[in-house]
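Here is what each chain is made of, one letter per residue.
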Amino acid sequence: MTGTILWFKRDLRVADHPGLALAAQEGAPVLPLYLVEPDLWRQPDADARHYGFLRDCLVDLRDQLARIGLRLVIRVGEAVPVLEALRREHGITRLISHEETGNGWSHARDLSVAAWARGQGVTWEELPQSGVVRRLRGRDGWAAARDRFMAQPLAVPGPARMLDGVAAQPLPGAAALGLGGDAPQRQAGGRAAGLALLESFLNERGQDYRRAMSSPLAGATACSRLSPHLAFGTLSLREADQAAARRAAQVRGGGDGWSGAVQSFRARLAWRDHFVQKLEDEPALEWRCLHPAYEGLRPAMPDAARLEAWCRGETGLPFVDACMRSLAATGWLNFRMRSMVMAVASYHLWLDWRATGQHLARMFTDYEPGIHWSQVQMQSGTTGINTIRIYNPVKQGLDQDPTGAFTRVWLPELADVPDALLQEPWRWDGASGLRYPAPVVDVKAAAAAARDRVWAVRQGDGFRAQAARVVRKHASRKDAKGRFQRDPVRLKKDDRQMGFDF
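K.L.:
Break down the side chain of His348 for me, with residues and values.
P.N.:
Mapped onto the secondary structure, His348 falls in helix 14 (residues 335-348). Taking the relative accessible area as the measure of exposure, His348 reaches 4% and is therefore buried. Non-local contacts of His348, meaning those with residues more than four positions away in its chain, are made with Arg306, Ala343, Ile390, Tyr391, Pro393, Val441, Val443, Ala446 and Ala447.

Below, the structure written as structure tokens:
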């Protein structure tokens, strides 16, 4: 009897799981498999908070599968040797998984698995689980195709038979994989937690979403907080979108803020696919400037002291430091503050986006490579098509934390600083007695210097031709039919301010 491996990756659920539905439909015994790949966890974008969330998800997935008569098998090791051992021992002829748009490491691993499958006569079927299209020829018509995918009925698996006699391994601890400590205030993983968040956001917490998402305090409650669940696949993007569509129908025409909140949420779900599609189409944007003219603009070896100060939340810029310390502890930050801390690193501190991007990847529990690297480059001014946006961290602190409540939680050493000077403690008469560093840069001078350098690149020969290439390959076609055709180095506000979180 031949069998089918159902390879779970970043799709840790049973509901709306096209791969599971296909495996059950074929009738062959199914082996639900999750691979813990030690080399994946040695990559520079991996962190214990990701693994902690993953462990939560796998425990929940094990229960979900048990309810339909299947058993999750954990194996530890490299993908090809593990898959080959299972093929030999259990007569595996078919491998089913979802398409994954991950980092460079996972892309290389999938190429190795594809070569193994061809060599051993194993059929590997990769199915889409979002609006991202593999081997996309162009963006024309992409948005409409994505909307059609989201409108399809959710995949419902039929009865499936477990492949018997397959030994499993225990789920290793983080220390066994060389990982450090988890984020002390990390979100819980697992589908049950994700469903609870979706329900409470659409019916209780999300009413003030459009306004509150900009605040690191209010956003922690008013944002959906679904981003790590979408990244690890405890919920499908399609079921989240359809749940939001049903809620939109209920609140349509109301004047209490719900209609606009749900509309904004669905728009951000669509933008999520838009950004992941960029990495799918151009994997090199993880390590290479989208516009080549920006290569070499910043030192390849970043200033070590500035980088460490930024990572530790010790730049002397209170709102930046509060955001970085909060992120380290919780694994989450609201969208505007994510943009700000990245922009400050790239412009004011003049650090290369590859180094700072790796740190943020480790810190974000919801790290999604397709969104992350597109956004990192956008906030660093290296795409060539987005308006340069240099945040003033002092102004952002005054605007987004007007009472200082957020800043004071994470910077207790500023307890004695008056509210009026909290975001500029160096101006306080008692600053010399603070156990808090002076600013590593002059905010205004550093911003002006960065702006001049970045804009100078845009004046170079051939810049606009390369920018037009980026537009053709990656830009939203709604914009491309208008503003892009007139000026390929400008982009609409929604695109250049788009955040990482929901």
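K.L.:
Could you give an account of unusual backbone geometry, naming the residues involved and the relevant values?
P.N.:
With a phi angle near 45 degrees, Asp16 is a residue other than glycine that sits in the positive phi range. If you trace the backbone, Asp16 turns up in the loop between strand 1 (3-8) and helix 1 (18-26). The phi angle at Arg225 is positive, at roughly 65 degrees, despite the residue not being glycine. By the element assignment, Arg225 lies in the loop between helix 8 (219-222) and helix 9 (227-232).

K.L.:
Go over the pattern of salt bridges with me, naming the residues and quoting the values.
P.N.:
According to the stated counting rule, one finds 31 salt bridges in the structure shown. Two residues, Asp147 and Arg146, come together in a salt bridge whose shortest N-O distance is 3.7 Å. For Arg146, a relative accessible area of 4% puts it in the buried group. With its nearest N and O atoms 2.5 Å apart, the salt bridge here joins Glu368 to Arg272.

K.L.:
Quick rundown of the confidence of the model for the protein? Include the residues and the values.
P.N.:
On average, residues of the protein carry a pLDDT of 93, and 95% of them reach 70 or more. Segment residues 479-500: pLDDT under 50, and 64 contacts once partners within four positions in sequence are set aside and those in other chains are kept.

K.L.:
Provide a residue-level description of helix 14, including the pertinent values.
P.N.:
For helix 14, spanning 14 residues, the distance from its first C-alpha to its last is 19 Å, which sits close to the expected 20 Å at 1.5 Å a residue. The element helix 14 is largely enclosed, with a buried count of 14 among its 14 residues. Trp350 occupies a position one or two residues after helix 14 and carries a positive phi of about 55 degrees.

K.L.:
Describe in detail helix 17 (residues 393-400), supporting the description with residues and values.
P.N.:
If you check which residues of helix 17 are buried, you get Pro393, Val394, Gln396, Gly397 and Gln400. Along the long axis of helix 17, the arc covered by the buried residues comes to 165 degrees, so they all point the same way. Measuring from the side-chain oxygen of the N-cap residue of helix 17 to the backbone nitrogen of Val394 gives 2.9 Å; that N-cap residue is Asn392.

K.L.:
Any details on the nonpolar core? Residues and values, ideally.
P.N.:
Of all hydrophobic cores here, the largest spans 60 residues; its most connected members are Trp310, Cys323, Met340, Val341 and Leu360. Looking at which element gives the most residues to this core, the answer is helix 14, with eight residues.

K.L.:
How would you explain the packing of aromatic side chains if you had to name every residue and give the values?
P.N.:
The full count for this structure, using the stated rule, is ten aromatic pairs. Seen from their ring centres, Trp41 and Tyr51 are 5.1 Å apart, and the 75 degrees between their planes marks the pair as edge-to-face. With Trp41 in the loop between strand 2 (30-36) and helix 2 (48-66) and Tyr51 in helix 2, this residue pair connects regions lying ten residues apart in the sequence. By relative accessible area, which is 9% here, Trp41 ends up buried. With relative accessibility at 0%, the residue Tyr51 sits in the buried group. Ring plane angle 80 degrees and centroid distance 6.3 Å describe the contact between Tyr209 and Phe265, whose orientation is recorded as edge-to-face. Residue Tyr209 is found in helix 7 (residues 209-212), and its partner Phe265 is found in helix 11 (residues 258-281); the two are separated by 56 residues along the sequence. Of the two residues examined, Tyr209 and Phe265, each falls in the buried class. An aromatic cluster of at least three residues, connected via ring pairs, comprises Phe201, Tyr209 and Phe265.

K.L.:
Describe the sheet that holds strand 4 (residues 92-98), naming the residues involved and giving the relevant values.
P.N.:
The strand order across the open sheet built from five strands is 3-2-1-4-5, with neighbouring strands paired in parallel fashion. Looking along the sheet, the strands with just one partner apiece sit at the ends: strand 3 (73-76) and strand 5 (123-127). Geometrically, the sheet is characterised by an average inter-axis angle of 30 degrees between neighbouring strands, direction not taken into account. Sheet strands in contact with helix 2 are strand 1, strand 2 and strand 3, and its direction is about 170 degrees off that of strand 2. Sheet strands touched by helix 3 (residues 79-90): strand 1, strand 2, strand 3 and strand 4. Its angle to strand 2, the strand with the most contacts, is close to 155 degrees.

About the thresholds
Residues numbered from 1 in each chain as written. Predicted model: local features only at pLDDT ≥ 70, side-chain atom pairs only at ≥ 80, totals over all residues. Heavy atoms only, no water. Helix = DSSP H or I, 4+ residues; strand = E, 2+ residues; numbered from the N terminus. Buried < 20%, exposed > 50% of the residue type's maximum accessible area, 1.4 Å probe, protein only. Contact = heavy atoms within 4.5 Å. Salt bridge = Lys/Arg side-chain N within 4 Å of Asp/Glu carboxyl O. pLDDT = per-residue confidence, 0-100. Expected span 1.5 Å × (residues − 1). Arc of directions from axis to C-beta. Polar contact = N/O pair within 3.5 Å; in protein donor to acceptor, adjacent residues only side chain to side chain. Core = buried A, V, L, I, M, F, W, Y, C linked by side-chain atoms within 4.5 Å. Phe/Tyr/Trp six-rings, centres within 6.5 Å; stacked < 30°, edge-to-face > 60°. Pairing = 2+ DSSP bridges. Axes fitted to C-alpha atoms, helices over the stretch in contact; angles between N-to-C directions.

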